[in-house]
Amino acid sequence: MRAGVLRTGALSVRHVFSVRVGPVGFRIGSDWRAPIAALERVYAAYPAPHGGIADFSVRLFAARPWRRFVRPAVMIGGDYVLPEAAPLPLAQGLLAAEMGMNLQMALGQRHYLLLHAAVVEREGQAMILTGASGAGKSTLAALLSLRGWRLMADEFALIDPRTGLVHAFPRAVSLKNAGVATIAAEVPERRLGPLLAHTPKGTIRHLIPDTTAVAKMDCPARPAAILFPSFGYARATRAVLPSEVFVRLTQASTNYVALGERGFDTLTRMVTTLPAFAIDYPDTNTAIDQVEAAWAAL
Amino acid sequence: MDGDDPRLTYRMARPETLSIVHLDSFSAVYHRASGITHLLAAPAPEILAALGEAGQTLPSLMARLGALYTLEDADAAALEARLDELVACGLVSCEPGL
């Protein structure tokens, strides 16, 4: 149990939701009911943290006490905080909770090497999709999960330094802008969270992972390939050299430096053993085609 | 750094403080003493290997590299500049010779 849980748990919050996503337990407290209600719906199929004890706490609180009622603005707190973080409108409370969970992982996770990446799995083999924001990895991972792949992660790939296995962390998939309509056209309404307009990242809507993703979230997988998708270019697939993969993954990791030599060993083992491809794609159907072709050639 | 002095001895950081993984034309080096990761391109890994723990002066290092590799552009000033970079990032130490 983390000391931070005790510290934050001592603070009073009006509404609380606890959930386990993969190996990580979260406790989200909120001054308002609405963000908790949204979380309860999105994570309805997820279990509670092991032993009821969360690894990380997130707190959504009013920027000023009176702002709980008048144009409420949500501040994100927790075990780890960014002091300069700007508040979000209450209508984006679900986003605030998701950002809070990301923040705790990015700043506090020490058991796993974290890569900002989506992960999908087939037959026990995992494909890691990483790249800059807007590269399309969330949309691609969501689409692959609708084409027979298991969704393991959207935001963070959790690599175990001891085994090299990737552990599932199937949070709700954060679809953005054009990706929202692409996925909404393929899934029933009940698989989608509320439409969050005018957020700092544009329009956001969460895809609720399917039952397989949740049922198998305790099953790790062996990484088999690393993909760097880039949306908005003519179709092209090229192999990426280990040194370039190494640099890109150190940049994609939120805790590489904090892990010290464990991070170095984990990452160098990955880049020297896994094939890596950069996939430029003009549209999502082409991307799926390229991913399947690259996978078949492994 | 007073690299003009041929008596200066350059030594690779102690091997137990380094983890070196050859990736392709680059090598990743984890420096345990500082916790910093370095990505080295040729000829830095070759220079590290040629220096060894015993250390070399600039002239003797040049001669050793010439014996190990075909040096197309043997240039003491360029080698000294590379050594100074390695000294600056802590992977090589520089001491007055005896």
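Attention in this report is confined to the structure presented alongside it. (Residues numbered from 1 in each chain as written. Chains lettered and ligands numbered in written order. Predicted model: local features only at pLDDT ≥ 70, side-chain atom pairs only at ≥ 80, totals over all residues. Heavy atoms only, no water.)

Describing the overall build of chain B
Helix and strand counts for chain B come out as three helices and five strands. Along its sequence from the N terminus, chain B presents helices and strands in the succession β-β-β-β-α-α-α-β. For 98 residues, the compact-globule estimate of 2.2 N^0.38 gives 13 Å, and the C-alpha radius of gyration of chain B, at 13 Å, lies within 12% of that figure. Oriented by its inertia axes, the alpha-carbon framework of chain B measures out at about 30 × 30 × 20 Å. (Helix = DSSP H or I, 4+ residues; strand = E, 2+ residues; numbered from the N terminus. Rg over C-alpha atoms; globule rule 2.2 N^0.38 Å.)

Some thoughts on the packing of aromatic side chains
Residue and element names in this part refer to chain A. Tallying each qualifying case throughout the model produces ten aromatic pairs over all chains. A ring pair is formed by W149 and W295, whose centres lie 4.9 Å apart and whose planes are at 70°; its orientation type is edge-to-face. Of the two residues, W149 sits in the loop between helix 4 (137-145) and strand 8 (150-153) while W295 sits in helix 10 (residues 284-296), which places them 146 residues apart along the sequence. This pair shows no difference in class: W149 is buried, exactly as W295 is. Members of the aromatic cluster, each reached through a chain of ring pairs, are F26, F56, Y80, F156 and F169. Between R59 and the ring centre of F61, over which it is positioned, the NZ or CZ distance is 4.6 Å. When the ring centre of F228 is taken as origin, the NZ or CZ atom of R248, which lies over that ring, is 4.4 Å away. (Phe/Tyr/Trp six-rings, centres within 6.5 Å; stacked < 30°, edge-to-face > 60°. Buried < 20%, exposed > 50% of the residue type's maximum accessible area, 1.4 Å probe, protein only. Lys NZ or Arg CZ within 6 Å of the ring centre and 35° of its normal.)

Observations concerning the side chain of S253(A)
All names here are of chain A. Along the chain, the position of S253 falls in the loop between helix 7 (242-252) and helix 8 (256-259). By relative accessible area, which is 11% here, S253 ends up buried. What S253 contacts, discounting residues up to four positions off in sequence, is L113, L114 and L115. (Contact = heavy atoms within 4.5 Å.)

Considerations on the sheet that holds strand 3 (residues 56-62) of chain A
Residues and elements named next belong to chain A. Here we have five strands laid out as an open sheet, ordered 1-2-3-4-5, and mixed in their pairing. The two strands at the open ends of the sheet, each matched to only one other strand, are strand 1 (15-21) and strand 5 (88-89). Running at roughly 30° to strand 1, helix 2 (residues 34-42) makes contact with strand 1, strand 2 (24-30) and strand 3 of the sheet. Running at roughly 140° to strand 3, helix 3 (residues 93-108) makes contact with strand 2, strand 3, strand 4 (73-78) and strand 5 of the sheet. (Pairing = 2+ DSSP bridges. Axes fitted to C-alpha atoms, helices over the stretch in contact; angles between N-to-C directions.)

Nothing here speaks to function; it is all geometry.
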